Structure formats: structure tokens, C-alpha cells
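# Report on the structure
For reference, the chains in residue letters:
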Amino acid sequence: MKRFAIVTTLLLTFAAGAFAQADLQPLAVVKLNKSETITLRQLKSRVEFVEKQYEGYGMKRSMSVADKRTVLDSLISEKLIAQAATKEGLTISDSQVDAAFLSTFSQQLGQQVTEAQLNELLQEQMGMSLSDYLKENAGMTVPEYKAYLKSQLVAQQYVYAKKQNELQQVAATDEEIRKAYDLNKSTFVWNDMIKLFLVIVPKSTNSSEAQALATNLRNQYVKDKNSAGSIKNSADNNKKYRAGELIVAKTAQQAQQLGWTYDKIIELFGNKVDYVSDITETENDFQFYAVLQKYDAKLLSLSDIVQPETTITVYDYIKNNLTQQKQSQYFTAAAQEIAKGLDTPENVDRKKTGEALDKLLDW
């Protein structure tokens with residue numbers, strides 16, 4: 001039995017080595033500024049990444065040979081533009097890559113996070129490391145993803161430098177804005193909303209001290225509501241407690257985000273302006289809130305502001321979003337145009353073409 005296991009292991013090891021060797025086959029060499037080889041393994045990694053993006057949007061998709069050809073062409077285009085950018089002295093620093101890497105996560109979390117904090121949050125909430133999370137959702141390790149991101153940023157910088165004037169002229173028209181509003185009018189609504197002054201005191205290692213601090217802060221606020229500013233700006237804020245203003249929507253989703261029950265949200269909206277809650281205890285903290293303002297639900301017109309306490313109107317919001325979409329579309333077309341101009345036999349040596357390439361892409 002042991003002999004069979006050893007032989008099987010050797011056969012599997014040999015097979016894995018054979019596949020690894022096949023994956024190292026060069027598909028193309030980009031040599032505009034330096035020699036860079038695109039291997040079958042690199043293409044498989046990118047195809048996996050693209051397929052995972054589809055999964056993220058709820059679409060299960062296995063890419064065809066034609067799709068994989070398109071992905072290969074995209075890889076070639078990326079390297080052509082990146083090499084052209086390097087040739088002209090355009091660079092992206094590691095710190096810029098790190099900032100861009102964390103930006104998306106920070107936006108989703110609603111707060112700035114470091115890579116260490118992000119790793120910690122993923123461990124707490126999903127039971128996996130940042131590296132495991134990227135491997136599962138992007139098919140890449142952290143270094144691989146950052147290398148991919150860097151090439152994207154360099155390419156963007158190059159295309160923007162070449163097409164800056166034209167790109168800045170791309171904007172949504174008044175007709176497009178009004179048409180978009182009419183088509184999506186039902187989505188431009190305010191739910192019932194309430195503005196709170198919220199104070200949270202973590203229990204940390206001493207629950208009694210936390211409760212006493214929460215009580216003192218509440219007493220201070222009740223005695224003088226103008227003390228909210230000094231409470232927010234106190235040197236102890238963010239060390240011993242957190243305090244600030246918060247706008248809460250009357251939705252189940254909002255309740256979930258706050259870690260509250262929907263019944264608590266309903267109870268909250270039953271209070272009048274200037275109401276100050278009692279101290280409540282949760283598993284991790286003591287907290288209280290004061291009702292500062294209430295906003296009734298309504299259908300928004302083009303001239304209404306998108307959210308309370310802001311100055312952005314629905315018109316401006318639609319204009320900004322449509323303009324970004326149009327600029328993104330123009331940018332993509334411009335990048336393809338530039339890459340097509342760079343894609344010459346002198347700059348790209350395609351090692352596999354026709355049926356030979358299709359055979360390799362049929363996995």
C-alpha cells in the first residue's frame with residue numbers, strides 16, 4: 001500500500017511539473033522599450049481574474065477561446081502602453097500604488113485604513129488574511145495584485161498625458177442629464193432620516209470606568225447642549241470614546257450597518273428633536289444619542305440636494321456621474337487607439353498565432 005502511494009505521488013509530481021512547464025510557454029514578447037514575455041501562466045492568471053470579476057457581479061462565466069484571445073490582446077496592450085510610458089519617463093511610486101490599493105477598501109469601509117488594519121478587519125469579519133481574500137476574489141497574491149495595479153496606473157497616466165485636452169472636453173449635456181433623471185426618477189428619494197449626536201464609550205478592560213465616563217458625558221451634554229463641540233474635540237475623543245454627528249435613514253439596511261435592530265430604528269424615529277436617550281449598554285460599549293434634526297421622506301427634484309447637510313443637487317450628482325461614465329468610455333477608446341498604434345511587428349513578437357494559439361487557449 002505504501003509503495004503504491006509513493007508511486008502515485010511521483011506520477012502526480014511529474015504531471016504537475018509537465019503542466020508547469022507548459023504554462024511557461026511564451027505567447028508574445030513585448031519589446032518596445034525592453035523585452036517582456038507574456039506566458040500562458042500569466043494569461044491564465046488574468047483570465048481567472050476577469051472571471052472572478054464577473055462572479056462578483058453575480059454572473060458565472062467560463063471564458064471561450066475567443067474571449068481569452070481578447071484578454072491576451074489586452075495584456076499586450078497594457079505592456080505596450082506601460083513600456084511607452086517608461087520610455088517617456090512616466091513612473092508610479094510604490095507609495096502611490098499602496099495608496100490606490102487601499103483607496104477602494106477605505107471607501108467601502110467609510111474610513112481610512114492601513115494595510116495592517118485591513119488585514120486585521122478581514123481576519124475578524126471573514127476569518128481570512130488579506131492575501132487569502134485577494135486570492136479568492138482576484139486570483140492574485142498581494143504582490144501580484146499591486147504589480148497589476150501599478151501597470152494600470154502607469155497606463156492611465158500615459159493615456160491621460162496624451163489625451164488630456166480631449167478628455168477634459170468630454171461632459172454630460174443638459175439633455176442627457178434630464179433624460180437620465182426621467183428614466184431613474186423613482187430612485188431619487190429621501191427615506192425618513194434623522195440627525196443624531198452619538199457618543200460611544202468602549203468597555204475596553206474596565207467596564208465600570210466606561211459606564212462612568214458615558215454618564216459624565218451625557219450629564220455634560222444635558223446640562224449644556226452647546227458642549228457637543230467640546231465633547232467631539234476633546235483630547236480623550238478617539239482614545240477613551242468616540243463622538244460625532246450621524247445621519248440615520250429609516251431602513252433595515254441602515255440598522256444592520258449600525259448593528260441595531262430594526263425595532264430600535266423605529267423607536268429612534270419616534271423621538272422628537274432635542275430628545276436625549278438614556279445610557280444603553282451593548283456587548284462592547286456604552287452609548288447615548290441626542291436627536292438634532294429630522295427629515296421627512298420625499299421624492300427629489302433636479303434642484304433638490306441629494307442628502308441633508310450637503311450642497312450637491314440631484315442635477316449636479318447626475319452630471320458628475322454621467323460625465324465620469326463618458327470620460328471612462330472615451331479613456332478606454334483612447335487607450336485602445338494608442339495601443340493599436342504601438343502594436344507593430346517591431347514592438348510585439350507573437351510566438352503563437354492561429355490554430356496553434358487556439359489549441360493552447362482551449363483549457
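Cut-offs applied
Residues numbered from 1 in each chain as written. Predicted model: local features only at pLDDT ≥ 70, side-chain atom pairs only at ≥ 80, totals over all residues. Heavy atoms only, no water. Helix = DSSP H or I, 4+ residues; strand = E, 2+ residues; numbered from the N terminus. Rg over C-alpha atoms; globule rule 2.2 N^0.38 Å. Buried < 20%, exposed > 50% of the residue type's maximum accessible area, 1.4 Å probe, protein only. Pairing = 2+ DSSP bridges. Phe/Tyr/Trp six-rings, centres within 6.5 Å; stacked < 30°, edge-to-face > 60°. Expected span 1.5 Å × (residues − 1). Salt bridge = Lys/Arg side-chain N within 4 Å of Asp/Glu carboxyl O. Axes fitted to C-alpha atoms, helices over the stretch in contact; angles between N-to-C directions. Contact = heavy atoms within 4.5 Å. Bend = angle between axes of the 7 residues up to and from the residue. Parallel < 35°, antiparallel > 145°, perpendicular 65-115°, else oblique. Core = buried A, V, L, I, M, F, W, Y, C linked by side-chain atoms within 4.5 Å.

### Some details on the overall build of the protein chain
From N to C terminus, the protein chain includes 14 helices and nine strands. What you see for the protein chain is a C-alpha radius of gyration of 28 Å, clearly larger than the 21 Å of a compact globule of 363 residues, by over 25%. C-alpha extents for the protein chain along the principal axes are approximately 80 × 70 × 40 Å. With 363 residues in all, the protein chain has 34% of them scored as buried.

### Considerations on the pairing of strand β1 (residues 26-30)
Where burial is concerned, most of β1 is hidden: four out of the five residues are buried. Two elements, β1 and strand β2 (residues 36-39), share four bridges in a ladder whose sense is antiparallel. When the sheet's bridge partners are listed, Ala28 is paired in β2 with Ile38. Hairpin remark: β1 followed by β2, antiparallel, with five residues in the connecting loop. Pairing analysis gives three bridges linking β1 to strand β9 (residues 348-350), with the strands arranged antiparallel. Following the sheet pairing, Val29 is matched in β9 by Asp349.

### Quick look at the packing of aromatic side chains
Per the stated rule, a full pass over the model turns up eleven aromatic pairs. Ring geometry for Tyr275 versus Tyr289: centroids 6.2 Å apart, planes at 50°, classification tilted. With Tyr275 in the loop between α12 (262-269) and β6 (280-281) and Tyr289 in strand β7 (residues 285-295), this residue pair connects regions lying 14 residues apart in the sequence. Classification of Tyr289 as buried rests on a relative accessible area of 9%.

### Points about the environment of Ile266
Tracing the sequence through the fold places Ile266 in helix α12. Separated by 38 residues in the primary sequence, Ile266 and Asp304 have C-alpha atoms spaced 26 Å apart.

### A short note on helix α5 (residues 115-126)
The end-to-end C-alpha distance of α5, which contains twelve residues, comes to 16 Å, matching closely the 16 Å that a straight helix rising 1.5 Å per residue would cover. Following α5 by one or two positions, Gly127 adopts a phi angle in the positive range, close to 70°.

### With respect to the pattern of salt bridges
Scanning the entire structure with this criterion turns up 20 salt bridges. Two residues, Asp349 and Lys351, come together in a salt bridge whose shortest N-O distance is 2.8 Å. The partly exposed category is assigned to Lys351, whose relative accessible area is 42%. Three or more residues joined by partner-sharing salt bridges are found here, namely Lys195, Lys232, Glu245 and Glu309.

### Some remarks on the sheet that holds β1
Pairing in this open sheet of three strands is antiparallel, and the strands run β2-β1-β9 from one edge to the other. Both outer strands of the open sheet, β2 and β9, are each paired with one neighbouring strand and no more. Going from strand to strand, the sheet's axes swing by 20° on average, the running direction of each strand aside.

### A few points about the environment of Asp98
For Asp98, the location among the structural elements is in helix α4 (residues 94-109). As a C-alpha pair, Asp98 and Glu115 span 17 residues in sequence and 8.5 Å in three-dimensional space.

### Quick look at the sheet that holds β7
Taken in spatial order, the four strands make up an open sheet running β5-β4-β7-β6, and their pairing is antiparallel. Sheet topology places β5 (242-249) and β6 at the edges, where each strand pairs with a single neighbour. Inspection of the sheet shows strand β4 (residues 193-202) paired to β7 by ten bridges, in the antiparallel sense. Looking across to β7, one finds that Lys195 is bridged to Gln293. Where helix α9 (residues 207-223) meets the sheet, it contacts β4 and β7, and its direction lies at approximately 25° from that of β7. Sheet contacts for α12: β4, β5, β6 and β7; angle to β5, the most-contacted strand, approximately 90°.

### Describing helix α7 (residues 142-168)
Compared with the 39 Å implied by 1.5 Å per residue over 27 residues, the 33 Å span of α7 between its first and last C-alpha is markedly short. Of all the bends in α7, the greatest, near 65°, is centred on Lys162. Along α7, the residues classified as buried are Val142, Lys146, Tyr148, Leu149, Ser151, Leu153, Val154, Ala155, Tyr158, Val159, Lys163 and Leu167.

### Observations regarding the packing of α4 against α7
Look at α4 against α7: their axes get within 10 Å of each other, and the N-to-C directions meet at 105°. Judged on the interaxial angle alone, α7 and α4 are roughly perpendicular. In this structure, α4 uses Asp94, Gln96, Val97, Asp98, Ala100 and Phe101 to contact α7, whose residues at the interface are Val142, Tyr145, Lys146, Leu149, Lys150 and Leu153.

### Topic: the nonpolar core
Counting 44 residues, the largest nonpolar core has Leu43, Ile76, Ile81, Phe101 and Leu130 as its most contacted members. Per-element tally for this core: the top contributor is helix α3 (residues 65-87), with nine residues. Membership of the second largest hydrophobic core comes to 15 residues, among which are Ala210, Tyr221, Ala243 and Phe288.

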